[in-house]
Amino acid sequence: MNEEAKLAYAVARQKARYERNGTVGGIISGLTYGIMGAIIGGLWYWSFTTVYQYTNVDPGNAACMAATIIAPLVFYTFNDLFAFIYLTVYNVSQGRGRDLIQSLKTKPALIIMIAGIIGGPVGQGFYYMGFPTDAAVFAGPISALYVIFGILLGRVLLHQVMHRRVWVGIAICVVGAIVIGLTGSALNVGSTFYFGIVCFLVAAVGWGFEGTVAAVGTPMIDPKIAVNIRFLTTSVVMLCLIFGVFTVMPDTATGLTGADVFMDTITSGTFVLAMITGLCVSISYICWYRANNLIGVGRGMALNSTYSAWTPIISMLIIMPTSAAGYFAYQMELGTLPFIAIGVLCVFIGVIVVSVDPREFFHRKDRELEALEQDVSEPEEVPS
């Protein structure tokens, strides 16, 4: 009996180690993605200067495709290209080059590619398109709803059970999103506000799909290789989009094509910013995929979604403290800051309620380990 208890204790310790490593990985994924969001949100004007340098381009004009669509997508293309380069160099240097090539031929890789296209060119692309709009400040709380969409998709695609707690959390998130939307309408915002909100909602749906579907393929492939395949796929798709669709269909207001903006990004040196964000996103995705494997999709998504809190914190403290202080002073003057805070808080609380059962997270595993430790420490009975 004592040997069985020792085996059970060893298994429990291994599970606890998975929990710890997965939790740390999830936190790092949220932090690094938050750094990326702060850089893009805080330096967005510099990022898209390759388009705005033209006098007939208005960054606040939603009808200007070069400002609202092409420039953000070009920057996103550079972001994923550098992430792919970093990951490829890392995997090859660690002796995983052959595994990477062989994995490309497998069915799990195809699943990851499909998930990457939905979460990348669709989800991430719309996320970047939302930053030049009047809704950029709501990028975090709105896109953090991807946890909700991921769980709903898990219910539909994977037939996962949804408890009452999940529905309560979803309701709280919906309330928060409504408060944020109504606050935006009360601010008499510009014409691009609701376009930005739609962009961040599409991003949330895309990321939720990616997190749910990729969880099917990643258990059969090393997360580092899976993320490498993901960024290879998104880089190829985005290059085809920039040099194909947006070159054949240029912006009617400026005559700029995707190829023009791509080359201007290189000559102006703006791509250097993408080198930094690409490193952040590559680390974030490795940690996110690994966390999903170790502690489950729901909790992995919940920890990753903390980027929505890290982004404004880093922005206020490091990237643009003066602008952030001015923004909050303006909201205080209008009397809308408390409503914004309530909306954002509702989203965060809802995401946590959906993803984590507090009773299970904090107590059950501790009790199991304590019980097993007692069993192991008890001396074996000597037969008389």
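In what follows, the structure referred to is the one given above.
What you are looking at is a predicted structure, and each value in this text was computed from that prediction instead of being measured.

A. Geometry of the overall build of the protein. A tally of helices and strands in the protein yields 18 helices and zero strands. Buried residues in the protein amount to 47% of all 384 residues. A total of about 18,000 Å² of accessible surface is found on the protein, and carbon and sulfur atoms cover 68% of it.

B. Representation of the nonpolar core. The biggest cluster of nonpolar side chains holds 66 residues, and the ones touching the most others in it are Y33, M36, Y127, Y146, W207 and Y285. Setting aside anything within four residues of it in sequence, one finds M36 in contact with N79, Q124, Y127, Y128, T277, C280 and V281.

C. Fine view of a nonpolar patch on the surface. Taken together, the side chains of V24, I28, L279 and I283 make up a nonpolar region of the molecular surface, amounting to roughly 300 Å² of accessible area. When residues of the nonpolar patch are traced back to their parent elements, those giving at least two are helix 1 (2–42) and helix 13 (271–295). With respect to the element layout, I28 can be found in helix 1.

D. Seen up close, empty space enclosed by the protein. By the definition in use, this model includes two cavities of 30 Å³ or more. When its volume is computed, the largest cavity comes out at roughly 80 Å³. What lines the largest cavity is Y33, Y146, W207, S284, Y285, W288, N304 and Y307. The dominant element in the lining of the largest cavity, judged by the number of residues it contributes, is helix 13, at three residues. When grouped by side-chain class, the residues that make up the lining of the largest cavity number six nonpolar, two polar and no charged.

E. A look at the pattern of salt bridges. Summed over the entire model, instances satisfying the criterion amount to two salt bridges. Between E210 and R230 there is a salt bridge, and its shortest N-O distance comes to 2.9 Å. With E210 in helix 10 (residues 193–217) and R230 in helix 11 (residues 223–248), this pair connects stretches of sequence that are 20 residues apart. Neither E210 nor R230 differs from the other in exposure class; each is buried. Here the residues in one salt-bridge network are D80, E210 and R230, joined through shared partners.

What counts as what
- Residues numbered from 1 in each chain as written.
- Predicted model: local features only at pLDDT ≥ 70, side-chain atom pairs only at ≥ 80, totals over all residues.
- Heavy atoms only, no water.
- Helix = DSSP H or I, 4+ residues; strand = E, 2+ residues; numbered from the N terminus.
- Buried < 20%, exposed > 50% of the residue type's maximum accessible area, 1.4 Å probe, protein only.
- Areas by Shrake-Rupley, 256 points an atom, 1.4 Å probe, with all protein chains shown as cover.
- Core = buried A, V, L, I, M, F, W, Y, C linked by side-chain atoms within 4.5 Å.
- Contact = heavy atoms within 4.5 Å.
- Patch = residues over 30% accessible without salt bridge, like charges linked within 9 Å, V, L, I, M, F, W, Y side chains within 5 Å.
- Salt bridge = Lys/Arg side-chain N within 4 Å of Asp/Glu carboxyl O.
- 1 Å grid on protein atoms, 1.4 Å probe; cavity = no way out; pocket = protein on both sides within 12 Å on 5 of 7 lines; lining within 4 Å.
- Points joined across faces, edges and corners; volume = space filled by probe spheres on them.
- Nonpolar A, V, L, I, M, F, W, Y, C, P; charged D, E, K, R; others polar.

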